[in-house]
Every structure is written in structure tokens, then in C-alpha cells.
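In case you want the letters, here they are:
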Amino acid sequence: MPKRARPGPHSTQPCSVVTGAAGFLGSHLTDLLLARGHKVIGIDNFVTGSVNNISHLGGNSHFKFIQQDVTEFIFLDVAVDYIWHFASPASPVDYLELPIQTLKVGSLGTHKALGLAKHKKARFLLASTSEIYGDPLVHPQIEEYWGNVNTIGPRGCYDEAKRFSEALAMAYHREHQVETRIVRIFNTYGPRMRLHDGRVVPAFLSQALKNKPITVFGDGRQTRSFCYFSDLIEGIYRLMLSDHELPVNIGNPAEMTVLEFAKEIIRATGSKSKITFKPLPQDDPKQRRPDISRARKHLRWEPKVALPQGLVKTIDYFRQRL
Ligand code: UDP
């Protein structure tokens with residue numbers, strides 16, 4: 001793969017652009033970058049992001065916010081060192097409601113963000129996803145696995161948008177020598193998730209804290225593995241600074257069934273909720289667990305926060321907002 005000598009940051013203070021900066025992960029990434037001395041330009045159109053996630057940055061002279069849809073041309077008149085492309089709906093409920101916007105941000109938005117990276121000679125990191133593996137037939141998922149995706153199913157808009165994003169990033173890398181990094185993000189949780197985004201962590205926590213029935217989809221035997229946001233963001237930061245040009249899974253390999261997860265939420269919240277079963281959504285992956293050997297080897301990264309520990313802080317956040 002072609003390599004280009006990296007000139008290093010344009011000034012002593014690196015400048016990062018974060019698309020989706022008002023989202024759950026984009027806002028935590030922004031906080032980490034600011035804490036590590038970056039100037040950050042955040043971009044978000046608030047389709048699924050929230051101003052509450054970045055309001056604490058008001059008055060921070062190292063942070064600039066632009067309200068914009070990243071599918072439109074991105075104009076910046078400053079030098080940029082790193083572009084972190086996080087803009088996208090990320091919950092199955094959201095991308096079911098916003099299929100065209102999801103496809104547009106993954107295709108046109110990624111094109112604009114890569115165009116900016118090329119123009120600014122910045123390094124580009126794509127927030128990709130375990131969804132590119134679809135309903136995986138290889139378990140745990142290794143990066144070499146090509147996936148099992150229903151292109152025309154309800155999740156196809158997200159899965160294919162992210163698969164296209166990966167292909168476009170590699171095309172810019174090969175044809176224009178843009179330095180690209182691809183992280184495949186597995187299920188992640190923590191403060192700043194939207195209470196009603198429909199994903200399993202906010203759904204179960206909101207239900208448990210109100211002592212309402214916990215809605216397990218299907219028989220609850222499908223598996224997921226949950227990574228606390230701080231572990232995830234640290235892994236992504238290391239990937240950006242590494243030389244690794246191929247996709248890297250970042251997630252927590254501690255796998256459990258959704259039914260076990262429901263019981264863990266009831267225990268952690270001390271809730272009186274009972275479990276109720278609802279139909280399994282179409283194409284819901286039956287199993288998901290990252291193989292993180294690549295991250296361990298190349299980034300010296302592995303998650304540190306165990307589920308009970310991460311849930312304590314997440315529950316605090318949800319309690320304050322319900
Ligand atoms: N799920 C559930 N009840 C809910 C929401 C989700 O049982 O109220 C299940 C869902 O069917 C899936 C898992 O929890 O098997 C994780 O769903 P989520 O929407 O968080 O994201 P996914 O991992 O499917 O992308």
C-alpha cells in the first residue's frame with residue numbers, strides 16, 4: 001500500500017475536525033481531543049446529535065462549532081491535521097426512520113469529508129461499524145471476514161452506507177494517498193446516549209428505572225458485547241496515531257445474550273421490572289463479538305471497564321434525565 005511521509009501537525013497545536021461532534025461518541029471524542037491539546041472544529045446538523053452534548057464547551061477557545069450537514073461542501077479556512085468522520089445515525093430505530101439521510105451521510109458525507117482530508121493533507125479516520133459484518137457467519141468477527149448483509153433489508157441502508165464508506169476511504173487512500181484509518185465500532189454504551197434512541201442500553205435502562213417491563217426482542221438468545229465509551233474512544237485515538245491502514249475492530253469481547261443483559265440491567269438498577277418478549281426485528285444479527293487481536297497487537301489496546309462498572313456511571317446519567 002502506498003505510504004506518504006507525514007509532515008506532522010501543521011503547528012504545535014494539532015487541529016482536528018470531528019463530524020458528528022454533537023453525537024454520543026463524537027462529543028466524547030471531542031472532549032478527549034481537547035484534553036490532549038487539540039484544537040477541535042466540530043460539525044453536526046443535530047439530526048440525531050444534541051446541543052446538550054457539547055454545551056459544556058461553550059466559551060472554550062480551542063473549540064469551534066459549525067452547524068452543517070456534512071453532505072454539503074465543507075469549507076474551512078484553517079490548516080487541519082486530523083479528520084474524524086463520525087456523522088451518521090447509529091441506532092437501528094433511527095436509520096429505519098431516516099434511511100435516505102443515513103445513506104447520504106455515509107456516501108456523500110464521507111465523500112465530502114475525504115475531499116477535505118485530501119485538500120488539507122489531513123489524516124482521515126472513518127467510524128465504521130460491526131454492522132458491515134451483517135448477520136455474521138464467522139464468530140467472533142475478525143477483520144478479514146467480508147460479512148453477510150441483506151442489501152435490501154431494513155438495516156441495509158446503514159450497513160451498505162458504511163461498507164461504501166470503507167471502500168471510498170480505501171479508494172482515496174490508493175488513488176490520492178490520503179492517510180486513512182478505519183475503525184469498526186461494536187456496541188458501545190455510556191452517558192450521552194439518547195434516552196429514546198431505541199438501542200438496547202437506553203431502552204432497558206429507561207424501562208428498568210421506571211419499573212416498566214423490559215422488552216426483550218425474540219427469545220433473547222441473540223448475543224452482543226458491550227464496550228464502555230471511554231475504552232472505545234481511547235482505542236480510536238490510538239488507531240488514528242498508529243500506522244495501521246487496514247480496518248481495526250474496537251469493542252469489548254465480553255459476550256452475553258440479550259436476555260442475560262436484561263437481567264444484568266435489573267440487577268444493576270435494583271429494578272422491580274419483569275421481562276416481556278416482543279418480536280425480533282428483521283435481520284437482527286444473531287451473534288456479535290469482536291475479535292480484538294489486531295487492536296491488541298497493533299495498538300496495544302484492550303478494554304478496561306467491566307460492564308457492572310460502566311453501568312454505574314451510565315445509570316447515574318439516565319437517572320438524572322428521566
Ligand atoms: N433489543 C431488545 N429490546 C429492545 C431493544 C433492542 O431486545 O428494546 C435487542 C435487539 O433486538 C438486538 C440487541 O438488543 O438483538 C441490540 O440492539 P441495538 O438496537 O442496541 O443495536 P444492534 O446491536 O442490533 O445494532
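> When you look at the sheet that holds strand β3 (residues 63-67) in this model, what are you seeing that I'm missing?
Strand order in this open sheet of seven strands is β3-β2-β1-β4-β5-β6-β11, and the pairing throughout is parallel. Two strands close off the open sheet at either side, each with one partner strand: β3 and β11 (248-250). Along the sheet, successive strands turn relative to each other by an average axial angle of 20°, direction set aside. Alignment of strand β6 (residues 180-185) against β11, held across three bridges, turns out to be parallel.

> Would you explain the site of the ligand in this entry?
As a matter of local geometry, the ligand sits amid 18 residues, with Thr-215, Phe-217, Arg-224, Asp-284 and Arg-288 nearest to it. Taking Arg-155, its side chain carries an N or O atom lying 2.9 Å from an oxygen atom of the ligand. Here an oxygen atom of the ligand and a backbone polar atom of Phe-217 are 2.7 Å apart. Compared with its free state, where it exposes 520 Å², the ligand has 95% of that area covered by protein. Elements supplying a minimum of two residues to the shell around the ligand: α5 (200-209) and β8 (214-217). Looking at the shell around the ligand residue by residue, the classes come out as eight nonpolar, four polar and six charged.

> How do you make sense of the pattern of salt bridges when you look at a structure like this?
In the structure shown here, the tally under the stated rule is 17 salt bridges. A salt bridge links Arg-199 to Asp-197, with the shortest nitrogen-to-oxygen separation between them at 2.9 Å.

> Would you explain the side chain of Gln-222 in this entry?
Take Gln-222: it is sitting in the loop between β8 and β9 (223-225). In this view, Gln-222 contacts Phe-217, Met-256, Thr-257, Val-258, Leu-280, Asp-284, Pro-285 and Lys-286; residues no more than four positions away in its chain are not counted.

> Whenever I open this one, helix α3 (residues 99-120) confuses me. Can you help?
Residue pairs spaced three or four apart in an α-helix point in one direction, given the helix's 3.6 residues per turn. Look at α3: 31 Å from first C-alpha to last across 22 residues, which is about the 32 Å you get at 1.5 Å a residue. The largest bend in α3 amounts to roughly 30° and is located at Val-105. Turning to α3, its buried residues number three or more, namely Thr-102, Val-105, Gly-106, Gly-109, Thr-110, Ala-113, Leu-114, Leu-116, Ala-117 and Lys-120. Structurally, α3 contributes buried residues whose contacts are with β4 (82-85), α2 (92-97), β5 (123-129), α4 (156-176) and β6. Phi for Lys-121, located one or two positions after α3, is positive at around 55°.

> Sorry, what's going on with the side chain of Arg-181 here?
In this structure, Arg-181 sits in strand β6. At 2.9 Å, the side chain of Arg-181 and the backbone oxygen of Ser-242 are in polar contact. Setting aside residues up to four positions removed in sequence, Arg-181 forms contacts with Arg-123, Phe-124, Leu-125, Leu-126, Leu-239, Met-240, Ser-242, Asp-243, His-244 and Glu-245.

> Hey, could you run me through α4 in this one?
With 21 residues, α4 extends 29 Å between its outermost C-alpha atoms, agreeing within 8% with the 30 Å of an ideal straight helix rising 1.5 Å per residue. Immediately beyond the C-terminal end of α4, within one or two residues, lies Gln-177, with a positive phi of roughly 60°.

> Just to check I follow, could you spell out the confidence of the model for the protein chain for this structure?
Low pLDDT marks regions whose predicted coordinates should not be analysed in detail. Looking at the protein chain as a whole, its pLDDT mean stands at 96, while 97% of the residues score no less than 70. This stretch, residues 1-7, has a pLDDT under 50; its non-local contacts, to residues over four places away or in other chains, come to 19 contacts.

> Is there a simple way to think about the environment of Lys-162 in this case?
Along the chain, Lys-162 falls in helix α4. Beyond its immediate stretch of four places on either side in the chain, Lys-162 contacts Ser-88, Ala-127, Ser-128, Thr-129 and Ile-132.

Definitions and cut-offs
Residues numbered from 1 in each chain as written. Predicted model: local features only at pLDDT ≥ 70, side-chain atom pairs only at ≥ 80, totals over all residues. Heavy atoms only, no water. Pairing = 2+ DSSP bridges. Helix = DSSP H or I, 4+ residues; strand = E, 2+ residues; numbered from the N terminus. Axes fitted to C-alpha atoms, helices over the stretch in contact; angles between N-to-C directions. Near = heavy atom within 4 Å. Polar contact = N/O pair within 3.5 Å; in protein donor to acceptor, adjacent residues only side chain to side chain. Areas by Shrake-Rupley, 256 points an atom, 1.4 Å probe, with all protein chains shown as cover. Nonpolar A, V, L, I, M, F, W, Y, C, P; charged D, E, K, R; others polar. Salt bridge = Lys/Arg side-chain N within 4 Å of Asp/Glu carboxyl O. Contact = heavy atoms within 4.5 Å. Expected span 1.5 Å × (residues − 1). Bend = angle between axes of the 7 residues up to and from the residue. Buried < 20%, exposed > 50% of the residue type's maximum accessible area, 1.4 Å probe, protein only. pLDDT = per-residue confidence, 0-100.

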